[in-house]
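Below are the chains, spelled out letter by letter.
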Amino acid sequence: MLVIAGLGNPGRQYAGNRHNIGFMAVDAIHRRHSFSPWSKKFKAEISEGEIAGEKVLLIKPQTYMNLSGESVGEAMRFYKLQASDIVAIYDELDLSPAKARIKVGGGHGGHNGVKSLDAHCGKDYRRLRLGIGHPGNKDLVHNYVLGDFAKVDQTWLEPMLDALADNLDMLVRREDLQLMNKLALAVGGKEDEDKPKPAKPSGANAAGQQPAGQKSDGQKPAGKSHIHQARNSAQPKKLPTTGPMAEMLKKMFGKKED
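Residues numbered from 1 in each chain as written. Predicted model: local features only at pLDDT ≥ 70, side-chain atom pairs only at ≥ 80, totals over all residues. Heavy atoms only, no water.

A. Layout of the sheet that holds strand 5 (residues 86-92). With mixed pairing, seven strands are arranged side by side in an open sheet as 2-3-4-1-5-7-6. Of all strands in the sheet, those with a lone pairing partner are strand 2 (39-41) and strand 6 (100-104), marking the two edges. The sheet shows a mean angle of 30° between the axes of neighbouring strands, direction not considered. Judged from the three bridges that link them, strand 2 and strand 3 (residues 44-51) form a sheet pairing that is antiparallel. Counterpart to Lys-41 in the pairing with strand 3 is Ala-44. Along the sheet, helix 5 (residues 154-166) contacts strand 5, strand 6 and strand 7 (126-131); its crossing angle with strand 7, the most-contacted strand, is approximately 155°. (Pairing = 2+ DSSP bridges. Helix = DSSP H or I, 4+ residues; strand = E, 2+ residues; numbered from the N terminus. Axes fitted to C-alpha atoms, helices over the stretch in contact; angles between N-to-C directions. Contact = heavy atoms within 4.5 Å.)

Have a look at this one:
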């Protein structure tokens, strides 16, 4: 069995919070696939289904974020599972919005829900981190994570959650790299293309090179190569045709008369 735990806080007042993106992800999965109706067990809302030939348990702890591990740990012990049988989905401040990363183990990064999971389940579970961005000031974090997603966030939030639900079989089969590619494509996947490119110097050609002999702004004209200079210096100078030197050369190299 695979346990997919979405982290969040119960209650309508928290439903749209950035901190509840884990709940949102599990709800999207539940809507897309043939899972059982939600029921209450393990201090959580749970639902069972089968994906890619494996039994899957969706779980939304109702203990509030800081005690998430109590609920997931109880389910893990009931089904006699290992930490490796758990996937936790949660918000990540240190990732830009629309970015996703997955890894096994690691630190909690100050996330109290993850800290609780580590205490009750061990650390070797898979962590699907969904980026929400950082407010830029540590003092603003609390209100930021407990604030609702902005309207502009819907342009990436819904496509990302839909892509996760559509490709849940990859998560179940542990095809993590392929899943990350799917999520990136769903939100545009243009990270490298958006990086600014250095401007070409004025007068540069298509390859970004300055035409020969033409100065670029603040630059000296390119010098000629050593070979080019040597060829020029190797060319014979024009011989004199008049005067004493001309007469001497004529006697030395001129044609002899029969």
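Right, picking up where we left off after that structure.
B. Focus on the layout of surface pockets. Of the pockets and cavities examined, the largest pocket occupies roughly 500 Å³. Around the largest pocket, the lining is made up of 23 residues, and of these His-19, Leu-93, Gly-110, His-111 and Asn-112 lie nearest the centre. (1 Å grid on protein atoms, 1.4 Å probe; cavity = no way out; pocket = protein on both sides within 12 Å on 5 of 7 lines; lining within 4 Å. Points joined across faces, edges and corners; volume = space filled by probe spheres on them.)

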